[in-house]
Amino acid sequence: AVGAEEFVPDSRRIDRLRKAAADCRGCDLYRHADRVVFGEGPVSARLLLVGEQPGDREDRAGHPFVGPAGRILDEALEQAGVARSQVYLTNVVKHFKFTRPEGRRRLHKTPGRTEIVACLPWLAAELAAVKPRVVVCLGATAAKALLGNRFRVTRRRGELLDPAADPDVTVDERVADLLPRVLATMHPSAVLRGRPEERAAAVADLADDLSAAHRAA
Ligand code: URA
Ligand code: SF4
């Protein structure tokens, strides 16, 4: 497996892309996941949100952000006054990576550089099809994939960045011409992992960032 490139059709039609992604063998993740989880939302969306990879629930359903992290995202979008149906929602990696401890449920495993690099042609194709005004990176995996390994969400969270002119940013050449302004924020799963008494404030912070991105788009 040498990446998704050879599986990505030369098309900007999202339905063609989605259909072709189901047959991708660009890295080893397709072997164990149930199905590909492609991005969803209107191609006319001005705002494109990128997460990390589908989780257990997304893998079963075939749709992005339908599990626990999705509920946090929905809450934050609602607080921000942004309709989910109005944004294009996708992930850096399109197949679920997990470990399965003996007899137990599947546990999310963070995708590695290999899978992120392998899967990037799909995100590039989505960016070319949707042409968003603003991209939101949800968490470090998305931020590193699009803004380079040196980028630190913790330092630049909530800023509207111009990737071409930012000293902290090194854009992969495959998406360099496709990236509009980018705002990086925390991943909804990080809200879930945080302390319960801090959850409401964390959702509000996420909502603030989504609202800022929405206004800029
Ligand atoms: N986490 C993600 O990054 N994406 C999903 O689709 C679900 C959980
Ligand atoms: Fe292809 Fe991406 Fe799935 Fe790997 S994770 S098989 S590159 S769609």
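Computed from a predicted structure; not experimentally measured.

With respect to helix α8 (residues 199-216)
- The terminal C-alpha atoms of α8, which comprises 18 residues, lie 26 Å apart, in line with the 26 Å expected from a rise of 1.5 Å per residue.
- Every buried residue belonging to α8 is among Ala 202, Val 203, Leu 206, Ala 207, Asp 209, Leu 210, Ser 211 and Ala 213, and all of these are buried.

Things to note about the pairing of strand β2 (residues 88-91)
- Residues of β2 alternate between two faces, with Tyr 88 and Thr 90 on one and Leu 89 and Asn 91 on the opposite face, all of them buried.
- The sheet contact formed by strand β1 (residues 47-51) and β2 spans four bridges and is parallel. Within β2, the position partnered with Leu 49 by the bridge is Leu 89.

What about the sheet that holds strand β5 (residues 134-138)?
- Taken in spatial order, the five strands line up as β2-β1-β5-β7-β6 in an open sheet, and their pairing is mixed. Every other strand in the sheet has two partners, leaving β2 and β6 (160-161) as the edge strands with one partner each.
- Lying over the sheet, α8 contacts β1, β5, β6 and β7 (181-185), oriented at roughly 175° with respect to β7.

A word on helix α3 (residues 68-80)
- Counted at 1.5 Å a residue, the expected span for α3 with its 13 residues is 18 Å, and the 19 Å between its end C-alpha atoms agrees.
- Where α3 is concerned, the buried positions are Ala 69, Gly 70, Ile 72, Leu 73, Ala 76, Leu 77 and Ala 80. Seen along its axis, α3 keeps its buried residues to an arc of 155°; they face one direction. Opposite the buried face of α3, at more than 90 degrees from it, the exposed residues are Arg 71 and Glu 78.
- Of the surrounding elements, those touching the buried residues of α3 are β1, β2, β5, α7 (188-193) and α8.

Digging into the site of ligand 2
- Lining the immediate environment of ligand 2, one finds Cys 24, Gly 26, Cys 27, Tyr 30, Val 93, Lys 94, His 95, Ala 118, Cys 119 and Trp 122.
- Its residues assigned to classes, the shell around ligand 2 comprises seven nonpolar, two polar and one charged.

Observations concerning the packing of α3 against α8
- At a minimum axis separation of 8 Å, α3 and α8 run at an interaxial angle of 60°. As far as their axial angle goes, α8 and α3 are oblique. The handedness of the crossing between α3 and α8 comes out as right-handed. Of the residues in α8, those touching α3 at Ile 72, Leu 73, Glu 75, Ala 76, Leu 77, Gln 79 and Ala 80 are Arg 199, Val 203, Ala 204, Leu 206, Ala 207, Leu 210 and Ser 211.
- Among the residues making up the contact of α3 with α8, the classes are represented as 10 nonpolar, two polar and two charged.

About the criteria used
Residue positions are counted from 1 within each chain, in the order its sequence is given. Lettering for chains starts from A, numbering for ligands starts from 1, and both go in the order in which the items are written. A pLDDT threshold of at least 70 governs which residues receive local features in this predicted model, and a stricter bar of 80 or more applies before side-chain atom pairs are shown or counted, although totals over entire chains, interfaces and linings include all residues. Side-chain measures were taken over the full set of non-hydrogen atoms in the model, leaving aside hydrogen atoms and water. Numbering of helices and strands starts at the N terminus; helices are DSSP runs of H or I of at least 4 residues and strands are runs of E of at least 2. Any helix carries an expected span of 1.5 Å times its number of residues minus one. For the exposure calls, accessible area comes from a 1.4 Å probe over protein chains only, and a residue counts as buried if that area is under 20% of its type's maximum, exposed if over 50%, partly exposed in between. DSSP bridges decide pairing: two strands pair if at least two such bridges lie between them. Residue contacts are defined here by distance: any two heavy atoms, one from each residue, within 4.5 Å place the two residues in contact. With axes taken as lines fitted to C-alpha atoms, and helix axes fitted only over the stretch in contact, angles between N-to-C directions fall between 0 and 180 degrees. Directions from the helix axis toward the C-beta atoms define the arc. Any residue with at least one heavy atom within 4 Å of a molecule or strand is counted as near it. Gly falls in the polar group here, along with every residue not listed as nonpolar (Ala, Val, Leu, Ile, Met, Phe, Trp, Tyr, Cys, Pro) or charged (Asp, Glu, Lys, Arg). For classification purposes, angles smaller than 35 degrees are called roughly parallel, those larger than 145 roughly antiparallel, those between 65 and 115 roughly perpendicular, and all remaining angles oblique. Crossing handedness is defined as follows: a turn of the near helix away from the far one that is anticlockwise and smaller than a right angle gives a left-handed crossing, while the clockwise case is right-handed.

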